[in-house]
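# A structural walkthrough
Below are the chains, spelled out letter by letter.
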Amino acid sequence: MSENNEILLTVKGLSTHFYTEQGKAKAVQQVGFSIKKGKTFALVGESGCGKSVTAYSILRLIQKPGKIVAGKILLYPKDKPVIDIISLGKKSQTLYKVR
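Owing to the predicted nature of the structure, the values given are computational and were not obtained by experimental measurement.

This part covers the layout of surface pockets. A volume near 240 Å³ is recorded for the largest pocket. Around the largest pocket, the lining residues are R60, L61, I62, Q63, K64, G66, K67, I68 and K90. Looking at the lining of the largest pocket, its residues break down into 3 nonpolar, 2 polar and 4 charged.

This is the structure we're talking about:
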């Protein structure tokens, strides 16, 4: 099996910011990782380090005043073309199925 066939999800350079009256909060900065098919993946870190914001970003569930400002989130479904999650519209059927 080639390396690409083993990958389920790839996150590259993901950055999510929140824009408030107090200024910009950089909740996630340049996060990157890959998750292999059939493997367990754990994202660990201190409280407030961006674990939940990363997960919400992957699922495109960030609400205003938050915004994904950079990066790629690629899903490699079995026997289907690669899905670029960030490029999907908020009401996309594909995004709904991914979730």
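What follows continues from the structure just given.
Right, let's talk about a nonpolar patch on the surface for a bit. A surface patch of nonpolar side chains, about 260 Å² in accessible area, is lined by Y56, L59 and L61. The residue Y56 is located in helix 2 (residues 51–58) in this model.

This next bit is on the pattern of salt bridges. In total, this model carries 2 salt bridges according to the counting rule given. One salt bridge connects K36 with E6, and the closest N-O pair in it is separated by 3.8 Å. With K36 in strand 2 (residues 23–36) and E6 in helix 1 (residues 3–6), the pair connects residues that are 30 residues apart, well separated along the chain. Between D84 and K72 there is a salt bridge; the shortest N-O distance is 4.0 Å. Of the two residues, D84 is situated in strand 4 (residues 83–84) and K72 in strand 3 (residues 66–75); the sequence distance between them amounts to 12 residues.

Turning our eyes to something else, we now look at the packing of aromatic side chains. Going through the model one piece at a time under the given rule, you end up with 1 aromatic pair. The interplanar angle of 25 degrees and the centroid separation of 4.8 Å between the aromatic rings of F33 and F41 together place this pair among those described as stacked. Overall, the relative accessible area of 14% leaves F33 in the buried class. Judged by relative accessible area, F41 falls into the partly exposed class, the value being 35%.

On to the sheet that holds strand 3, then. Here 4 strands make up an open sheet; going across it, the order is 2-1-3-4 and the pairing antiparallel. Sheet topology places strand 2 and strand 4 at the edges, where each strand pairs with a single neighbour. Helix 2 rests against strand 1 (7–20), strand 2 and strand 3 of the sheet, and its axis sits at about 110 degrees to strand 1.

One ladder, built from 10 bridges, connects strand 1 with strand 2; its direction is antiparallel. Counterpart to H17 in the pairing with strand 2 is K26. Linkage of strand 1 to strand 2, two consecutive antiparallel strands, is achieved through a turn of 2 residues. Relative to strand 3, strand 1 is paired through 8 bridges, and the arrangement is antiparallel. Following the sheet pairing, K12 is matched in strand 3 by K72.

Cut-offs and rules
- Position labels on residues start from 1 in each chain and follow its written sequence.
- Per-residue local features of the predicted model are confined to residues with pLDDT of at least 70, and side-chain atom pairs are confined, for both listing and counting, to 80 or more; whole-chain, interface and lining totals are unaffected and use all residues.
- Heavy atoms throughout the structure, all of them, feed into the side-chain values; hydrogens and water do not.
- Detection works on a 1 Å grid of protein atoms alone, calling trapped sets that fit a 1.4 Å probe cavities and calling open sets with protein on both sides within 12 Å along at least five of seven lines pockets, with lining residues defined by an atom within 4 Å of a point.
- Grid points are joined across faces, edges and corners, and a volume is the space filled by probe spheres set on the points.
- Just so you know the grouping, Ala, Val, Leu, Ile, Met, Phe, Trp, Tyr, Cys and Pro go in nonpolar, Asp, Glu, Lys and Arg go in charged, and all remaining residues, Gly too, go in polar.
- Patches here: salt-bridge-free residues with over 30% relative accessible area, like charges joined within 9 Å, nonpolar side chains (Val, Leu, Ile, Met, Phe, Trp, Tyr) joined within 5 Å.
- Per-residue and other accessible areas were derived by the Shrake-Rupley procedure at a 1.4 Å probe size, with only the shown protein chains allowed to occlude residues.
- Counted as salt bridges are all cases of a side-chain nitrogen of Lys or Arg within 4 Å of a carboxyl oxygen of Asp or Glu.
- The way it works is that DSSP assigns letters per residue, a run of H or I at least four long becomes a helix, a run of E at least two long becomes a strand, and they are numbered from the N terminus.
- Any pair of Phe, Tyr and Trp rings, taking the six-membered ring for Trp, is counted once the centres come within 6.5 Å. Such a pair is stacked with planes under 30 degrees apart, edge-to-face with planes over 60 apart, and tilted for the rest.
- When a residue's accessible area, from a 1.4 Å probe over protein chains only, is under 20% of the maximum for its type it is buried; when over 50% it is exposed; and in between it is partly exposed.
- Note: two strands are recorded as paired if DSSP finds a minimum of 2 bridges between them.
- Any two residues whose heavy atoms approach within 4.5 Å are treated as being in contact.
- Working convention: axes come from line fits to C-alpha atoms, limited for helices to the stretch in contact. Angles between N-to-C directions cover 0 to 180 degrees.

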